[in-house]
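An overview of the molecular structure
Below are the chains, spelled out letter by letter.
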Amino acid sequence: MPLLYIWRHPKPLAAAGICFGQTDMAVDKRKLKRLANQIQRYVRRQQLPKAIWVSPLQRSLIVGQLLVQHGFECYIAPELIEIDFGDWENCPWQQIAKQQIDDWCNNFAHFAPDNGESLQQFFTRVEGWLKAQMTDKPILAVGHSGWINAAKMINAGQPVPQIAVDWPSSLTYGELTMLEFIM
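Position numbers for residues start from 1 in each chain and track the written sequence from start to end. Per-residue local features are limited, in this predicted model, to residues with pLDDT of at least 70; the limit for side-chain atom pairs, both in listing and counting, is 80 or more; totals at the level of whole chains, interfaces and linings are taken over all residues. Hydrogens and water molecules were not included; the side-chain quantities draw on all heavy atoms of the structure.

Quick notes on the nonpolar core
Note the following rule: Residues enter a nonpolar core if they are buried and are Ala, Val, Leu, Ile, Met, Phe, Trp, Tyr or Cys, with the set joined through side-chain atoms within 4.5 Å. Residue exposure (1.4 Å probe, protein chains only): buried if accessible area is under 20% of the type maximum, exposed if over 50%, otherwise partly exposed. By definition, any uninterrupted DSSP run of H or I lasting at least four residues is a helix, any uninterrupted run of E lasting at least two residues is a strand, and each is numbered from the N terminus. Note on definitions: a residue-residue contact is assigned when non-hydrogen atoms from the two residues lie within 4.5 Å.
Core analysis: the biggest nonpolar cluster contains 32 residues, and Leu 4, Leu 130 and Trp 147 have the highest contact counts within it. Of all the secondary structure elements, the ones that give two or more residues to this core are strand S1 (3–8), helix H3 (98–106), helix H4 (119–132), strand S6 (139–143) and helix H5 (145–155). Excluding anything up to four places from it in sequence, Leu 4 contacts Trp 129, Leu 130, Ile 139, Ala 141, Trp 147, Thr 177, Met 178, Leu 179 and Phe 181. By size, the runner-up hydrophobic cluster in this structure holds 19 residues, among which are Ala 36, Tyr 42, Ile 52 and Val 63.

Looking at unusual backbone geometry
Positive phi is not limited to glycine here, since Gln 47 has a value of about 55°. For Gln 47, the location among the structural elements is in the loop between helix H1 (29–46) and strand S3 (51–54). Of the residues examined, Gln 47 reaches a relative accessible area of 71% and is grouped as exposed. One non-glycine residue with positive phi stands out, namely Asn 115, at about 65°. Among the structural elements, Asn 115 can be located in the loop between H3 and H4.

Here's the deal with the packing of H1 against helix H2 (residues 58–68)
Under the convention used in this document: Orientation is described by lines fitted to C-alpha atoms, with helices fitted over the stretch in contact, and by angles between N-to-C directions that extend from 0 to 180 degrees. Here roughly perpendicular refers to angles of 65 to 115 degrees, roughly parallel to angles under 35, roughly antiparallel to angles over 145, and oblique to all remaining angles. By convention the crossing between two helices is left-handed if the near helix lies anticlockwise of the far one by an angle smaller than a right angle, and right-handed if it lies clockwise. Side-chain classes are defined by residue name, with Ala, Val, Leu, Ile, Met, Phe, Trp, Tyr, Cys and Pro counting as nonpolar, Asp, Glu, Lys and Arg as charged, and the others, Gly among them, as polar.
In contact at an axis separation of 9 Å, H1 and H2 are set at 55° when each is read in the N-to-C sense. The orientation of H1 with respect to H2, classified from their angle, is oblique. The handedness of the crossing between H1 and H2 is right-handed. Here H1 contributes Leu 32, Lys 33, Leu 35, Ala 36, Ile 39 and Gln 40 to the contact with H2, which in turn contributes Gln 58, Arg 59, Ile 62, Val 63, Leu 66 and Leu 67. A class-by-class count of the residues in the contact of H1 with H2 yields eight nonpolar, two polar and two charged.

Digging into the sheet that holds strand S4 (residues 73–76)
Two strands in a sheet stick together by hydrogen bonds in their backbones, pointing the same way (parallel) or opposite ways (antiparallel). Note the threshold: Two strands pair under a simple rule: DSSP has to find at least two bridges between them.
Strand order across the open sheet formed by five strands is S4-S3-S6-S1-S7, with mixed pairing between neighbours. Each edge of the sheet is formed by a strand with only one pairing partner; in this case those strands are S4 and strand S7 (176–180). Geometrically, the sheet is characterised by an average inter-axis angle of 25° between neighbouring strands, direction not taken into account. Pairing of S1 with S7 involves five bridges; the strand directions are antiparallel. Residue Leu 3 lies in a different strand from S7, and its bridge partner there is Glu 180. Helix-sheet contacts for H1 involve S1, S3, S6 and S7, and the interaxial angle to S1 is about 155°.

Focus on the side chain of Arg 8
Heads up, the condition is: As used throughout, the charge tally considers Lys and Arg to be positive and Asp and Glu to be negative, leaving His and the chain termini uncounted. For this analysis, a salt bridge means a side-chain nitrogen from Lys or Arg found within 4 Å of a carboxyl oxygen belonging to Asp or Glu.
Here Arg 8 is to be found in strand S1. No salt bridge is formed by the buried Arg 8; the nearest opposite charge belongs to Glu 82, separated by 6.1 Å. Once residues within four sequence positions are removed from consideration, Arg 8 is found in contact with Leu 35, Gly 143, Ser 145, Ile 148, Ser 170, Leu 171, Thr 172, Tyr 173, Gly 174 and Glu 175.

Take a look at the structure:
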């Protein structure tokens, strides 16, 4: 069965308390290099192909660009981008109206902030990319916590969470997740 090896991007600068999904936030260059080196060592030890998929957001993209300098092929996939929080993007969580947060939590799968996407739409996008990657070769990627959590749930055959408490906690920055495709 094919495997997806996906690392969460490094921690963005100035992200504390901010709602960000598709906001293109900067990351400390040393952390980007550290993750690229970690991936390079892992790929060498595991004898994996030197090809990596990244989202177009710099916290993922730059890791791929650094790996290109070490002989990797890098593919940019807009489908790997994090969920779109629309008008909430780049706002402090404290400034988002409590009623909007309540509406989201009460209709977790289908609520979308203005100009954003719902969790259902997000899952459809993640599943589409996963299905398109079905191959006998290992797939390597640098992604985002929400995306990785959605992929894990899809791969496990779990439905889109209907309530917020069913959403898994965030992954650690730089954490590797391995998914064996069972779709």
